[in-house]
Amino acid sequence: MIAVIRPGGRFTDNLDGAAAAVRAPPAPMAIAAPRLERLALRCLSIADTIANRLYQQRFNPLYQSGTIVVALYVVLLVTGLWLLLFYRIGAPWESVARLTADPWTGNWVRGIHRYASDLAVAATALHAIRMFAQGRSWGPRTLAWISGSILLLLIFACGWTGYVMVWDTFGYHLAREGARLLDVLPVLSEPTSRAFTGEQPLPTAFFFLNLFAHIGIPLAMALLFWLHIRRVARPRMLPPKPLTWTIVALLAAAAILVPLPISPKADPLTLPEQVRGDLFFAFWLPAVRHGVAVAWVTALGLAAVLLAVPAFARRWRTRSAPSTVDESLCTGCVQCSLDCPYGAITMMERAGPAPLVARVDPALCVSCGICAGSCAPMGVGPPGRTGRDQMARARPFMSDPGRRAGEVVVIACEHGAAAHQAALHGAGGTVYAVGCAGSVHTSVIELMLRGGAGGVLILACPPRDCWHREGPRWLVERVYHAREAELQARVDRARVRIDYAGPGERARALEAVRAFAADLRALGPPADAGAASDPSCALTPAEVER
Amino acid sequence: MTLLDRAAGLALAIAALGATMWLSNAPITVHASPEAMLRLAWSALPERVERCRQRSESELAALPPHMRQPFACEGTSAQYRLAVTIQGAGSWEQTVQGGGLRHDRRLYVMRELVMPAGEVLIDVRFDRVDGSGVQPASPGDTRNGRPGAETIPAHLELRQRLHVPPRAVVLVTYSPEQRALVTIRSPGSAQ
């Protein structure tokens, strides 16, 4: 077992550093990107802390950016279908103007449609930043990153067609500038810009094609979204209902209280000084003013950087070894395959005492270690982080002469509360950092209690912000609801507590430690404190199996 | 979670939505300058410049029956020089060729030039520049076995004095019916 002590002095069971493979020589991008990643993580942490305070962890919209996009997609579909009933390709501006003039049947729906599309852009960008900052953009998550990037581009394309549909001054401007961008491509024999010169009225076929694209792109997005979530098990599609309905209510209130105006009809033969436009979809317009080449270089550069993130991330990160299965220990109980958040474990038939055996697909495994916490006989997990390895690591931790009898051991997720090790120690807790709280085997908790800890407080990341998706969920199930591999009934649940704290929630983490320590004092010393304080009494894997 | 936190949360949500609404309908400057614009936009077939000779009886007899065209033609499509002068000064020129790799497709003119508002004298010339001395195929010409297509004339000129309001666009285009360059303006700005 390799115990890694990071410069901060805390233990960690994440062997990323120890398992460092041969790294490629640093490229400029590989130097700048980790800094960017750290900066993004720090900013997110601050924003999360504020949002957690104002909305509680469960309803923190920043944690729900991905599911919020899905909810907004549904809102856009519903409102879009309604608006479609009133749209006429033969008289696009006139039909939208009629809709705008009727506050009951249309304009507020149009407002919701537009604001929902804007929020979808913002939420998608936020989701991408979070995935990048948390290092969830490469390795087995490459498919999700690439498909997500393309989804973002499709959202822009869909918005572009939506504004062109209205055919007001802004729509004309978008169409015109978009055509100028297309004209530099050597594939078109006739410049598309000519369609917008005002020489002839635009044919109805143009608006039909545009409408077709506006409807077709979201359908393509649905297909791509299926790819996006294909490698995750049990994807959460929507935010909690109260948050979903709050967002819808806010959108509706905004659309009703501030009716959406419509700009004048497009006139190719006048040059308006200003147009009222949507910067979420038209942020690129100023670049076109500097030249089509500048706009193309900027757009292609940004797209290339976005799509190249997984390739660059590979250069500055080291992929931990995927989980392995000790087939001699596997009982074929299927629990690890049920718990794996990425569907990386499947059960195969075999000849032997157990009819099934677990198999890990290394291409899908992100080495989160959650399977290690799910396996009662401790036969599965990333190398060095199986249940047995965790026990072997916890024993010296508990037998450390510096341990105080009856102290609070804080099992802290290294992506969250472990950042406040010194402060937690000051509050009376001894931090035992783990890669993911959901990977902790319940036998480790029992071992700590039997090893002399007054109580074990597990400070996991907020459930909606688990870097490995389902760690806190399975942890609660194993400790309180007898999910395999459950915390044994003999363990006093009053001495075990699970709480959640993000990396910026120092005060919350300290409060949790103080409150737990106070409750433990009220409980008095453990019933078997004398025997349990002897580390040699700690559980062995064989005992756990019994 | 205190009442103050709830109020602050609601205020933050409303502020975020307000920012979204503003960004969703923000003023975007697209033409800061009050000047007008001269837009040149047309499409037409370039003239076909080719040398044709009549095939002899023996040549025709040597060809497979389905290839016995009476004329053998070789040639290319004409090139044109587009020259624009505004207010008698500031001339702008461009050579225009047909589209496609062999320049035998339709030619496209698409150019926008800024011009001052007010009284403006525009002079647009579109002249064939091939100096081969070969006459182009004319409409109805069947020397090469094909009817001549409707091509753009070898010389076009538009000289016009206009009153152009600020931010107006004057579109100059080719009218196949009139076989001449014409101007098109927004109904509100034409005077």
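Residues numbered from 1 in each chain as written. Chains lettered and ligands numbered in written order. Predicted model: local features only at pLDDT ≥ 70, side-chain atom pairs only at ≥ 80, totals over all residues. Heavy atoms only, no water.

With respect to the overall build of chain A
- Helix and strand content of chain A: 20 helices and eleven strands.
- C-alpha atoms of chain A, sized along the principal axes, occupy 95 × 50 × 45 Å.
- Sorting the 546 residues of chain A into buried and exposed places 51% on the buried side.
- Residue pairs in contact within chain A that sit at least 24 positions apart in sequence constitute 75% of those at least 6 positions apart.
- Accessible surface, chain A: about 24200 Å² in total, of which carbon and sulfur atoms supply 66%.
- Of the side chains in chain A, 53 bear a positive and 39 a negative charge, and the two mean positions are spaced by 2 Å. (Helix = DSSP H or I, 4+ residues; strand = E, 2+ residues; numbered from the N terminus. Buried < 20%, exposed > 50% of the residue type's maximum accessible area, 1.4 Å probe, protein only. Contact = heavy atoms within 4.5 Å. Areas by Shrake-Rupley, 256 points an atom, 1.4 Å probe, with all protein chains shown as cover. Lys, Arg positive; Asp, Glu negative; His and termini not counted. Charge placed at Lys NZ, Arg CZ, Asp CG, Glu CD.)

Description of the overall build of chain B
- Helix and strand content of chain B: two helices and eleven strands.
- Counted from the first residue to the last, chain B has its helices and strands arranged as α-β-β-β-α-β-β-β-β-β-β-β-β.
- Out of the 191 residues belonging to chain B, those deemed buried represent 41%.
- In chain B, the proportion of contacts linking residues at least 24 apart, taken out of those at least 6 apart, comes to 69%.
- Counting every atom, chain B has about 10400 Å² of accessible surface; 54% of that belongs to carbon and sulfur.

Quick notes on helix 3 (residues 92-101) of chain A
All names here are of chain A.
- Taken together, the buried positions of helix 3 are occupied by Pro92, Ser95, Val96, Leu99 and Thr100. All buried residues of helix 3 lie within an arc of 140° about the axis, which places them on one face of the element. Among the exposed residues of helix 3, those pointing more than 90 degrees away from its buried face are Arg98 and Ala101.
- Tucked inside the fold, the buried residues of helix 3 contact helix 2 (65-84), helix 4 (103-133), helix 5 (142-166) and helix 7 (204-228). (Arc of directions from axis to C-beta.)

Notes on the state of the cysteines
- Per the stated rule, a full pass over the model turns up one disulfide over all chains.
- A sulfur-sulfur distance of 2.0 Å marks the disulfide that ties B:Cys52 to B:Cys73. On the sign convention where negative means left-handed, the S-S torsion of about 115° between B:Cys52 and B:Cys73 marks this disulfide as right-handed. Separated by 21 residues along the polypeptide, B:Cys52 in strand 3 (residues 48-54) and B:Cys73 in strand 4 (residues 71-77) bring together distant segments of the chain.
- Judged by relative accessible area, B:Cys73 falls into the partly exposed class, the value being 24%.
- Unpaired in this structure, A:Cys330 has its nearest cysteine sulfur neighbour in A:Cys336, at a distance of 6.1 Å. (Disulfide = S-S within 2.5 Å.)

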